Amino acid sequence: MAKFAKKKDGDLPAVSTASLPDIVFMLLFFFMTVTTMKDSSLLVQNTLPNASEIKKLEKKDRVIYIYVGKPTREYQSVYGTEPKIQLNDKFASVGEVGSYILAERAKKPQELQNVLTTALKVDKNANMGLISDIKQELRKVNALKVNYTTYEGNAFNNLQ
Amino acid sequence: MSRFRQLPEVNAGSMADIAFLLLIFFLVTASIPTDEGLHRITPPKENRTTAEIKDRNLFELNLNRTGELMVEGETTPFSELRKMVKAFIDNGGILPGNSGYCSYCAGTGDALLSENPQKAIIALRVPREADYSVYVTVQNELQGAYNELRNEVSITLYGATFEEMKEEYNKGGVVTERKEVLQRKIKKIQEMYPQKILEISTSNF
């Protein structure tokens, strides 16, 4: 009988936390797979419009990003509230778009230089004047594949 | 009896803390990517040519700066746009036997709409003051109209939608022969319904 030592009553066993790391690791891996690293911090407001007929940008390394929107609040005192272009980590003027595209294109491997897409991440409240200026610049440097990056959703929501 | 001595268990309690640290690091530095959007090919740098375009082959869309849409001179709600564009492109206004006859068009052959999809041109006039979101809506509807037409003709010809074929084409691990077949089909359909969109930026006041 001595083999089965009687448990002291009233002593709750400690909850095992051994599986906690597993759970956290699962979460970690989830986030690692579905997200990507921020490559540039946004200086502009960037609420994209909705569209339904969208296509995925398949290959990350073939994309050049251009952000357009109103400067975020901390930059508004310096740069005003008019929509601005952001290239990499800086505000830029329309004239700099062409040289930016050429510089980015030169960084890519030779075989990709002809298949690059320019992704325009434009805030829904930006006006078309700036966009058509950018498009003119893109045409000058022969960057003709453009992607208007949007959220998936009903396009008619944009009109409200 | 030392063989049976139990090894002391490694304390795994801090593992959770380490994992949490990693997790928080990823939460802070990462963002869920939005890499979807409307693909567009802009025309190359202007080499100004004038071409005679019949009025019936030109579909005029005008946006104004308050975000209203005018189609061929009449104010139109955005929800009608896709249907009208489809009717315009797929009109097939040339009688059978004449050159330029569109054998796969399902339209009504209206005398005011396009002759065939190859000739149909959509002209979109956007003022500089217009909102980008409205522009995206119009682009979305145009893309939608073309997608629907292409899918319809693709199903009747090949039994698969245009998008499915494109998806298969872009997917890795497809045999080369299959890829060539797909490429030919995709090209055929793109030629059946080419996207001809003319964008004009205006400064109206």
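Source: prediction; values computed, not measured.

We now examine the pairing of strand β5 (residues 84-87) of chain A. Residues and elements named next belong to chain A. The alternating pattern of β5 places Lys84 and Gln86 on one face and Ile85 and Leu87 on the opposite face, and all of these are buried. When strand β4 (residues 63-69) meets β5, the two strands line up antiparallel, connected through 3 bridges. In the sheet register, Tyr67 faces β5, and the bridge partner there is Gln86. Pairing between β5 and strand β6 (residues 90-92): 3 bridges, direction antiparallel. Each residue of the ladder has a partner; that of Leu87, found in β6, is Lys90. Counting the residues between successive antiparallel strands, the hairpin from β5 to β6 contains 2 residues, one of them, Asn88, with a positive phi of roughly 50°.

Here we come to the interface of chain B and chain A. At the interface, 49 residues of chain B touch 53 residues of chain A. Elements with a minimum of two residues in the side of chain B that touches chain A: α1 (13-29), β1 (30-31), β2 (36-41), α2 (78-89), β6 (121-127) and α3 (132-158) of chain B. Here the side of chain B that touches chain A gets 12 residues from one element, more than from any other, and that element is α3 of chain B. Taken together, the residues of the side of chain B that touches chain A break down into 23 nonpolar, 18 polar and 8 charged. In terms of strand pairing, strand β8 (residues 145-149) of chain A meets β2 of chain B through 5 bridges, oriented antiparallel. What sits directly across from Asn147 of chain A, in β2 of chain B, is His39 of chain B.

Here we take up the pairing of strand β7 (residues 117-122) of chain A. Two faces, one strand: in a regular strand the side chains alternate between the faces of the sheet. Residue and element names in this part refer to chain A. Burial within β7 is extensive, with 6 of its 6 residues counted as buried. Of the two faces of β7, the one lined by Thr117, Ala119 and Lys121 and the one lined by Thr118, Leu120 and Val122 are each fully buried. Bridge analysis of β4 against β7 gives 6 bridges, and the strand direction is parallel. Bridging from a neighbouring strand, Ile64 pairs with Thr118 of β7. Two strands pair when backbone bridges link them, and β7 and β8 are joined in this way by 3 bridges, in the parallel orientation. In the strand pairing of β8, Thr118 is matched with Val146. Chirality of the crossover, the property in question, places the unit of β7, helix α4 (residues 128-140) and β8 among those that are right-handed.

What follows deals with the sheet that holds β5 of chain A. The strands making up a sheet are joined through hydrogen bonds of the backbone, oriented either antiparallel or parallel. If you trace the 7 strands from one edge of the open sheet to the other, you get β3(A)-β2(B)-β8(A)-β7(A)-β4(A)-β5(A)-β6(A), paired in mixed fashion. Two strands bound the open sheet, and with one partner strand each, they are β3 (55-56) and β6 of chain A.

Let us now look at the packing of helix α4 (residues 162-170) of chain B against helix α5 (residues 176-192) of chain B. Residue and element names in this part refer to chain B. Direction vectors running N to C along α4 and α5 enclose 145°, while the axes themselves pass 10 Å from each other. Here α4 and α5 pass one another in a crossing that is left-handed. Contact residues: α4 offers Phe162, Met165, Lys166, Glu168 and Tyr169, while α5 offers Lys179, Leu182, Gln183, Lys185, Ile186 and Ile189. For the contact of α4 with α5, the per-class residue count stands at 6 nonpolar, 1 polar and 4 charged.

The subject of this paragraph is the packing of helix α1 (residues 20-34) of chain A against α1 of chain B. Across the interface, α1 of chain A lies against α1 of chain B with an axial gap of 9 Å and an inter-helix angle of 15°. When the axis of α1 of chain A is compared with that of α1 of chain B, the two are roughly parallel. Here the hand of the crossing between α1 of chain A and α1 of chain B comes out left-handed. Of α1 of chain B, the residues touching α1 of chain A (which contributes Leu20, Pro21, Val24, Phe25, Leu27, Leu28, Phe31 and Met32 of chain A) are Met15, Ala16, Ala19, Phe20, Leu22, Leu23, Phe26 and Leu27 of chain B. A breakdown of the residues in the contact of α1 of chain A with α1 of chain B according to their chemical character gives 16 nonpolar, no polar and no charged.

Conventions we followed
Residues numbered from 1 in each chain as written. Chains lettered and ligands numbered in written order. Predicted model: local features only at pLDDT ≥ 70, side-chain atom pairs only at ≥ 80, totals over all residues. Buried ≥ 20, exposed ≤ 12 C-beta atoms within 10 Å, placed from the backbone. Helix = DSSP H or I, 4+ residues; strand = E, 2+ residues; numbered from the N terminus. Pairing = 2+ DSSP bridges. Contact = placed C-beta atoms within 7 Å. Nonpolar A, V, L, I, M, F, W, Y, C, P; charged D, E, K, R; others polar. Right-handed = clockwise from strand over helix to strand, strands pointing away. Axes fitted to C-alpha atoms, helices over the stretch in contact; angles between N-to-C directions. Left-handed = near helix turned anticlockwise from the far one by under 90°. Parallel < 35°, antiparallel > 145°, perpendicular 65-115°, else oblique.

Purely geometric stuff here, so don't read any function into it on its own.
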